[in-house]
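Each chain, written out:
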Amino acid sequence: MSLRRQYPFHLIEPKWQRHWDTHQTFRAWNPGELIPAAHPFGLRHGLGGQEPGADALPPKYYILDMFPYPSGAGLHVGHPEGYTATDILARYQRARGFNVLHPIGWDAFGLPAEQYAIRTGQHPRKTTETNVATFKRQIKSLGFSYDWTREVDTTDPGYFRWTQWIFLELYNAWFNPATRRAEPIHTLRYPPEIQSENDRRTYRDTRRLAFVSEAPVNWCPELGTVLANEEVIDGKSEIGGFPVIRKPMRQWMLRITAYAERLLEDLSAIEWSHSLKEMQRNWIGRSEGAEVTFSIAGAAHQLTVFTTRPDTLFGATYMVLAPEHKLVELITTADQRQAVEQYRQLAATKSDLERTELAKDKTGVWTGAYAINPVNQKQIPIWVADYVLASYGTGAIMAVPGHDARDLEFARKFQLPVVQVVQPLGAADWQGFVDDGIAVHSASAEVSLDGLPTADAKRTITEWLQQTGRGRRTINYKLRDWLFSRQRYWGEPFPIVWREGHHKALPASALPVCPPDLTDFKPTASGEPPLARAKDWVALPDGAVRETNTMPQWAGSCWYYLRYLDSTNAKAFTSPEAERYWMGTAAATGSTPGIDLYVGGTEHAVLHLLYARFWHKVLFDLGHVSTPEPFFKLVNQGLILGEDGQKMSKARGNVINPDEIVRDYGADALRLYEMFMGPLEMVKPWSTKGVEGVYRFLGRVWRLFIDEASEAELEQALTTAPPEQQIDMLQRARPSATIQVTEPTGAQLKALHACTKKVTEDLDGMRFNTAISTLMIFVNEAMTWAMKPLAVLREFLVLLQPFAPHLAEELWQRLAAGADAPARGAGVALAYQPWPKWDPSLLVEDWLEIPVQVNGKLRDKIVVKATATPQELEALALQAEKVQPFLQGKTIKKVIVLPGKLVNIVV
RNA sequence: GCGCGCGUGGUGGAAUGGCAGACACGCCAGACUUAGGAUCUGGUCCCGCAAGGGGUGGAGGUUCAAGUCCUCUCGCGCGCACCA
């Protein structure tokens with residue numbers, strides 16, 4: 001701390017935080033709720049003492065933060081960045097008359113609490129409670145205008161009961177390809193050949209949106225759990241960075257792939273950043289191409305491959321199967337069996353990391369078998385190689401080494417033939433040419449592509465394949481179904497029981513299914529999930545056993561924004577009325593469909609944000625929510641780096657603790673600084689000097705309003721007063737005598753209205769940094785006024801309030817208490833004061849300074865009446881003193897005159 | 001390798017195609033002070049005493065006018081990455 005205390009923020013901030021808490025100032029009102037007569041929202045909208053329906057309430061504005069995982073480390077300065085941005089906008093929209101929903105909660109299931117429990121034996125519930133308490137204290141110390149009555153905690157049985165309920169909705173639904181929608185499972189029709197109840201059960205169970213699969217999954221031995229594709233980065237676990245291997249296991253999956261196309265299409269209807277949409281598009285990974293079926297020489301089997309380049313079919317000189325491909329064992333010849341088996345086993349034990357990052361060198365073995373190319377009946381060898389992934393396409397490819405870099409590398413290593421079938425348009429070498437060109441050497445007795453540009457060749461060959469029954473046009477996605485079960489303790493148990501090897505959903509009335517109490521949270525020695533230790537819990541009286549896997553952390557965050565709408569509802573995840581009002585369509589409410597603004601970090605680009613969209617679409621299809629997309633507009637805040645420009649980390653010792661900033665400079669200063677650093681979305685380094693800068697600004701605001709002598713008295717009195725009396729002593733700081741009820745001068749009005757205009761426009765564009773600089777400019781000017789009109793300063797406080805709410809409220813109360821004028825809404829909380837309007841006519845200048853350029857270079861400035869005609873401007877510009885030397889001996893070719901802006905003389 | 005984004009003073013950053021550097025940090029000078037790490041005032045892109053010249057990663061282009069638009073190029077950041 002190197003500055004003196006600029007103003008008594010240490011008293012002001014707790015005072016207003018307590019005031020907002022006890023008055024529930026920021027409570028958001030649902031349709032039909034009784035609004036107390038004295039609540040500022042009721043006073044503002046004339047609804048006090050009433051129970052207005054959705055029609056009588058003002059339009060809604062739903063502004064959401066990504067709720068935090070309450071880690072043991074406490075809040076870091078990245079959290080307040082997004083939270084301050086949304087809080088400023090929440091306060092702004094409240095002032096503009098919206099019914100604002102601005103909630104917060106805790107995403108509290110998760111691995112760290114469980115691992116801490118394994119180390120120390122402390123129950124994760126206890127750890128979670130402690131961490132939530134810390135986060136809550138820290139967040140409250142920043143003065144955010146959350147509606148705390150709607151706080152949610154994903155680990156609360158009253159909450160996860162509905163997470164389990166939504167899982168049942170998924171379980172009891174299937175995706176109807178004809179309607180492209182989820183429908184209740186009872187609408188599923190069985191093909192005539194499926195008759196027995198057992199077959200029907202299997203048919204049903206393999207079509208549910210939540211289903212059991214026995215497929216190779218990402219298994220992390222270190223964490224003792226499986227992970228979703230999205231949780232594996234470069235072959236390592238996202239949490240902890242431990243190796244991940246592929247292992248076949250029986251797991252719960254969610255059928256997100258059914259929604260691939262809609263998840264992709266609907267991106268165009270929402271306002272997200274370009275890069276974020278691009279990340280989701282990449283993850284979904286749609287690619288158009290064809291499936292081609294090859295027969296196998298001397299065998300009845302067929303081999304289907306996916307290719308985006310069916311036009312290169314004539315160039316296929318060999319085939320490759322993924323090591324896991326089922327056909328491998330069926331077609332491998334006796335001679336090759338040993339080599340193939342060895343290769344497959346080696347591939348199975350390799351981690352993903354070893355198969356990708358570390359092993360760029362291609363490996364593989366020949367199966368001994370041949371495929372027959374359908375276009376020309378040529379026999380080409382079938383290989384097994386791990387550069388082909390079992391999980392993409394059909395797990396097999398036709399290799400065209402002439403026009404694919406990977407196939408070329410493989411062909412060169414194993415001396416397989418390379419042939420040309422595409423002629424580059426330019427002078428490029430054809431070997432390894434992968435772009436579009438002209439088809440060559442692509443003709444047989446049955447079909448010819450020669451001379452066709454790539455696009456036409458694709459179309460021609462695909463039609464031919466389709467007509468001859470050897471293939472078809474198809475679309476492939478990289479997106480995989482969502483692996484939804486984990487071998488953990490600290491997560492939602494599945495509402496599922498098993499009997500005789502079949503799973504069965506519990507009825508909704510059996511919810512919540514609470515996890516049993518345990519003292520040992522490790523997986524069992526046999527590798528079963530920790531819940532299996534609770535034998536009494538697992539075994540049910542009727543002989544059934546409970547599912548012992550739990551849901552992943554993402555489950556709770558998939559729908560929390562819906563629970564906020566009606567967070568204590570015990571009968572439904574939310575009431576339909578509340579859902580319609582807050583999430584409803586534009587036509588019904590006059591506001592945005594879905595959540596108006598969602599702010600959070602970019603780390604959830606393909607995890608939470610994809611999963612939540614998926615769940616929302618299922619709920620939409622099943623009639624539970626009104627919109628197909630939850631998050632209409634989304635903004636990612638940029639990372640805050642340490643003062644050294646490096647990512648903040650304990651190891652580097654460059655972590656800034658928000659508690660210390662609040663202690664030394666106050667919450668308003670922290671809020672203001674984080675917004676003043678630069679554009680919200682940008683990555684930017686922390687600067688404590690910068691905090692001091694905005695802190696000094698807040699001090700100037702204080703001194704603009706407060707009498708200096710009285711403040712000195714206050715400071716003096718505080719040195720001896722006991723802490724509990726100090727807050728009341730704030731009253732001793734009296735408004736400055738220079739604040740008077742006077743008619744503002746033109747210059748004063750102009751300063752206010754210019755400030756109002758710019759701040760308003762900047763808030764609409766989320767340009768918080770320039771909004772704050774505008775407030776600074778106003779204060780710098782107002783400091784020079786000998787007489788400060790009360791009305792002007794009051795309006796300024798309404799503008800300041802979203803940014804520095806504690807200080808603004810304190811000063812507002814001070815001016816209202818003065819009783820020296822009929823205050824604008826005296827006694828009504830500043831937070832609900834109407835946002836000021838600006839009068840454009842006040843901003844018009846009588847005289848303007850106009851730059852005069854010669855050939856685009858600034859040479860002089862002329863002062864003219866704002867009403868000057870272009871002719872007058874041109875004449876004055878040509879006479880301007882400093883312009884003369886540049887016109888000497890030249891012919892004026894042209895004069896560009898922009899009235900009110902600029903004159904450019906071209907010579 | 002592919003995709004996306006970004007390059008502006010000593011620093012964070014401002015600039016609907018129209019005066020480059022708002023606002024702030026830092027620094028310099030001054031005022032008030034016993035003092036200043038408080039506050040206030042002034043200055044602060046570079047070269048130059050000045051007149052003037054140069055300047056938004058680099059090279060071209062479009063335009064009366066380019067930080068802004070186009071092409072190429074270099075550098076940085078983020079994402080994806082054997083996806084057929």
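Residues numbered from 1 in each chain as written. Chains lettered and ligands numbered in written order. Predicted model: local features only at pLDDT ≥ 70, side-chain atom pairs only at ≥ 80, totals over all residues. Heavy atoms only, no water.

Colleague: Looking at this model, I keep getting lost on the packing of aromatic side chains. Mind explaining?
Modeller: Aromatic rings in a pair are described by how distant their centres are and how their planes are angled relative to each other. This model, assessed by the stated rule, comprises 55 aromatic pairs. Ring centres of Phe41 and Tyr832 lie 6.3 Å apart, and the angle between their planes is 80°; on these two criteria the pair is classed as edge-to-face. Taken together, the residues span a long stretch of sequence, with Phe41 in helix 2 (residues 40-45) and Tyr832 in the loop between helix 29 (805-817) and strand 31 (847-854) at a distance of 791 residues. You'll find Phe41 and Tyr832 in the same group, each marked buried. Aromatic side chains Trp106 and Phe135 sit 6.3 Å apart centroid to centroid with 80° between the ring planes, which places their arrangement in the edge-to-face category. On the criterion of sequence distance, the pair formed by Trp106 in strand 3 (residues 105-106) and Phe135 in helix 5 (residues 124-140) is long-range, its members being 29 residues apart. Directly above the aromatic system of Trp148 lies the positively charged group of Lys140, at a separation of 4.8 Å from the ring centroid. Over the aromatic face of Phe211 sits the side chain of Arg255, whose NZ or CZ is 4.0 Å from the ring centroid. (Phe/Tyr/Trp six-rings, centres within 6.5 Å; stacked < 30°, edge-to-face > 60°. Helix = DSSP H or I, 4+ residues; strand = E, 2+ residues; numbered from the N terminus. Buried < 20%, exposed > 50% of the residue type's maximum accessible area, 1.4 Å probe, protein only. Lys NZ or Arg CZ within 6 Å of the ring centre and 35° of its normal.)

Colleague: Before we go on, may I ask you to explain the sheet that holds strand 23 (residues 502-505) in this structure?
Modeller: The antiparallel open sheet is built from three strands, whose spatial order is 23-22-24. Each edge of the sheet is formed by a strand with only one pairing partner; in this case those strands are strand 23 and strand 24 (545-546). Sheet analysis places strand 22 (residues 496-499) next to strand 24, joined by two bridges and oriented antiparallel. The partner of Val497 across the bridge, within strand 24, is Arg546. Set on the sheet, helix 6 (residues 157-171) makes contact with strand 22 and strand 23; between it and strand 23 the angle comes to about 120°. (Pairing = 2+ DSSP bridges. Contact = heavy atoms within 4.5 Å. Axes fitted to C-alpha atoms, helices over the stretch in contact; angles between N-to-C directions.)

Colleague: Would you explain the nonpolar core in this entry?
Modeller: The nonpolar side chains of a soluble globular protein tend to be buried, and buried together. Ranked by size, the top nonpolar core spans 194 residues in total, and within it Phe167, Trp482, Trp615, Trp686, Phe705 and Phe778 carry the most contacts. Trp383, Ile397, Ala411 and Leu416 belong to the second-largest nonpolar core, a separate cluster that totals 47 residues. (Core = buried A, V, L, I, M, F, W, Y, C linked by side-chain atoms within 4.5 Å.)

Colleague: Explain the sheet that holds strand 25 (residues 597-600) here, please?
Modeller: Sheet strands line up and pair through hydrogen bonds in the backbone, either parallel or antiparallel. If you trace the four strands from one edge of the open sheet to the other, you get 2-1-25-26, paired in parallel fashion. Strands at the two margins of the open sheet, each flanked by one partner only, are strand 2 (99-101) and strand 26 (634-636). For this sheet, the mean inter-axis angle between neighbouring strands, taken without regard to orientation, is 15°. On the sheet, helix 18 (residues 576-583) packs against strand 1 (60-65) and strand 2 and is oriented at approximately 90° with respect to strand 1.

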